[in-house]
Amino acid sequence: MRMCYDPDDEDEFEAGRDLLVDRLERWAARCGEPRGQVDAFAVAAALDYRHLGTPDGRLGLWEPRHVKEYLLDWAPRTITVLPDEELPDAPGALRLLLRFLHAAHLADPRGPGLDTQLAAVDEAARTYREAMADRTRFGPARFWLTLAAEHGSDPTSQEDLDRFVERVHAGEIDHDEAALAVIARRHLIEGPADARRSEPQLPVALPSEQELRADAERITLLTQVRLLTEWAGRQGRALTTTGRLKTADARELADRLATGDAPAETVRSLDDLPRLNLVFELTRQARLVRVVKGRLYAVAKAAPELKDPLALWRRAFDAVFALRRTLLGAKSGRHVESLLFDTYEDTLADILNTLYSLPHPMPWPRLRDSVDYGHRVRLQLDDQAPAMWFDHAHRDLRRVLDVLDELGALGRTRGRPAPEYLEVPASSDPLRPPGMPAALAALLLEQPPAPAFDGSELDGDSVELIRLSALGTWAVRARLLDEGRDAPLVGELRHAPAAGLLGVLADHYDTDSARSELTAWREAHGGAESAIAQLLDSVRDMPFRSRAQAMLDTLLVALPEPEGERLVRSLRGDPRLAPYAIGVLVQRDLLDPDDLTDAESLVMVAEGMFQLLELTGPEGLAEAALTREPDLRDAIEAALAAPHPDRAALAELEEAAVRLPRTGRARGERRRRGRGSGTGHGRKKRGRGR
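The rules behind the values
Residues numbered from 1 in each chain as written. Predicted model: local features only at pLDDT ≥ 70, side-chain atom pairs only at ≥ 80, totals over all residues. Heavy atoms only, no water. Core = buried A, V, L, I, M, F, W, Y, C linked by side-chain atoms within 4.5 Å. Buried < 20%, exposed > 50% of the residue type's maximum accessible area, 1.4 Å probe, protein only. Contact = heavy atoms within 4.5 Å. pLDDT = per-residue confidence, 0-100. Helix = DSSP H or I, 4+ residues; strand = E, 2+ residues; numbered from the N terminus. Salt bridge = Lys/Arg side-chain N within 4 Å of Asp/Glu carboxyl O. Pairing = 2+ DSSP bridges. Axes fitted to C-alpha atoms, helices over the stretch in contact; angles between N-to-C directions.

(A) Spotlight on the nonpolar core. Counting residues in each nonpolar core, the largest one holds 87 residues, and the members touching the most others are W62, Y70, L71, L94, L106, L552 and L555. Setting aside chain neighbours within four positions, we find L94 in contact with A46, W62, V67, Y70, L71 and V121. Core analysis: the next-biggest nonpolar cluster, separate from the first, contains 75 residues, V225, A232, A254 and L306 among them.

(B) Layout of the confidence of the model for the protein. For the protein, per-residue confidence averages 86 on the pLDDT scale, and 89% of positions sit at 70 or higher. For the protein, helix α20 (residues 438-444) is the element with the lowest average pLDDT, namely 43, and helix α5 (residues 114-125) is the one with the highest, namely 98. Confidence over residues 330-336 falls short of pLDDT 50; this stretch has 11 contacts with residues more than four positions distant or in other chains. With pLDDT under 50 throughout, residues 664-690 is counted as low confidence; its partners more than four residues away or in other chains account for 67 contacts.

(C) Geometry of the pattern of salt bridges. In total, this model carries 53 salt bridges according to the counting rule given. The partner of E492 in a salt bridge is R477, and the shortest N-O contact between them spans 3.2 Å. Highlighted residues: E492 in the loop between α21 (470-482) and α22 (498-508) and R477 in helix α21, separated in sequence by 15 residues. Judged by relative accessible area, which is 13%, R477 ranks as buried. Here R588 makes a salt bridge to D553, at a shortest N to O gap of 2.8 Å. Note that R588 is positioned in the loop between α27 (578-587) and α28 (598-628) and D553 in helix α25 (residues 545-558), a separation of 35 residues in sequence. Residue classification places D553 among the buried positions, given a relative accessible area of 15%.

(D) Representation of the sheet that holds strand β4 (residues 362-363) within the structure. Strands sit in the order β4-β6-β5 across an open sheet of three strands; the sheet is antiparallel. Each having just a single partner strand, β4 and β5 (410-415) make up the two edges of the open sheet. Contacts from helix α17 (residues 344-355) reach β4, β5 and β6 (463-468), with the element oriented near 95° to β6.

Laid out in structure tokens, this is it:
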């Protein structure tokens, strides 16, 4: 069981969600909460929200913004409450879910503590009922289904709904046009509530904040921004009637800032000082200066950041996203029709997000062509689009990269591209080399109407290679986090609990990053011996079998070789961890199944059946038995005879086996074939909706 699923893995997510809900109900009953009073539907809806309605999809991480959005936006949009139905207790269900996630060691350690989360629920709960009743917050489906029910139609009857639609078209049904307009506008702008997932990013490593601050302090462009702000001062400087620097002031500033523009005596207007114009607009867009009644003033509230190079650099970096007009040039200039500036902010964000966390620098031809493809998709251009449009876009892209380079957000070198960039797949399947993020794999995939790529541009040892600098990576990561995306940072789990560490590494980290993270964690937790003991205890305490095995598998690959394998092999005799250890070794081809003892083989069969029962529940096991008996029953009989250390799990399997159906055909086959062994798969069905 994972705590983050690909949005396309619908069946896997539903099975994992149902397992979580089932275990939550059992846990709540042990805590004194009557099982029948747990609002399982509302719990499932909360998990649906984190899976489908957020960019990162992390089921175990709940920040206050997630709590607020679920209770006051997602629930009103997606949960239909008919006139005769009781309002779901979404706040109560969310409180229970949050408590369970922490109790079951499933809470993401990068999120806030339980007290903070529960306080956020209490805050949002104050207006939950009001939000659920506000029709402007409804989604389109909920709006019309609610209206249909209010006018006597049965929302579960297609025939009734068809008649209702006919009455709406005939003008017989009055409805709130203003509310519907708000709903339609939101749906158009934001899209469906369940269309927000983004590609995950690989973990990155960053220098210390002190090192980043020192890097920022060395950037000339940032020094010029600071000097211009100080020049404006609190007394202000007069501007022209069009809001530009006066020519005399511009000459003085160009000299003071050492911009390298044309000599002062040749300057006739600010257009003759492109570098100074860039510094001026960057400073203004960074909100370090402002224009009031024709004068340019330094913003007093920004004064502390002028003394902090890193904070000042972040302001300048964010301001680049607002430089469209500056980089575009005058209205009479040739840049007006550039494709790049038609979607400038989105395109720039895509470029930086693509470069983020790449294991290798991206060659200029690949970046250029991926941006071209983005233009074709966004602007719906066909192959007949004039080549000149793309030539202008390439020139403007270089201008943007120059600014980012001068700001220290990018590093550009020359060399031979990494092999991952050199070959393009002939089929429609994406190229996904090990360690390559999905976003980059998608960029390397050629699909219509993208033109054929000329691989000859990547030949040789002098191809321009582009990557984010440490400062650029730091700033892009901050923007990703602001958007609610997952952007792991090596070292951020140093003080996480053991279960939280292994869970996050299993769900989100590649092998190299996991090793770095685990090394830092061991140093912070008493050294190797003490740390390993804590990690193994966390596997023992994990109540979900498949997750416990995944955690042990993560420990095997994240420890230095051959320490990980040696550790897991030593657990073959552990009374609690042996089934997981044997499973990991067999899956990793580190142990041949033929080399298992008879007892270990039976334990493996039992563990497989336990994990199947955990995932599907008794209902799913019964469903599998309808098509896979007698093999499934043989496997269960073998499991029940196994010397597995978990006697409670054996008892649960035995109880489920008693209720298994048996078909006549299966009984006949059993008599003919005799005993055998095997396993089956099924999935528990739950009646859930939105």
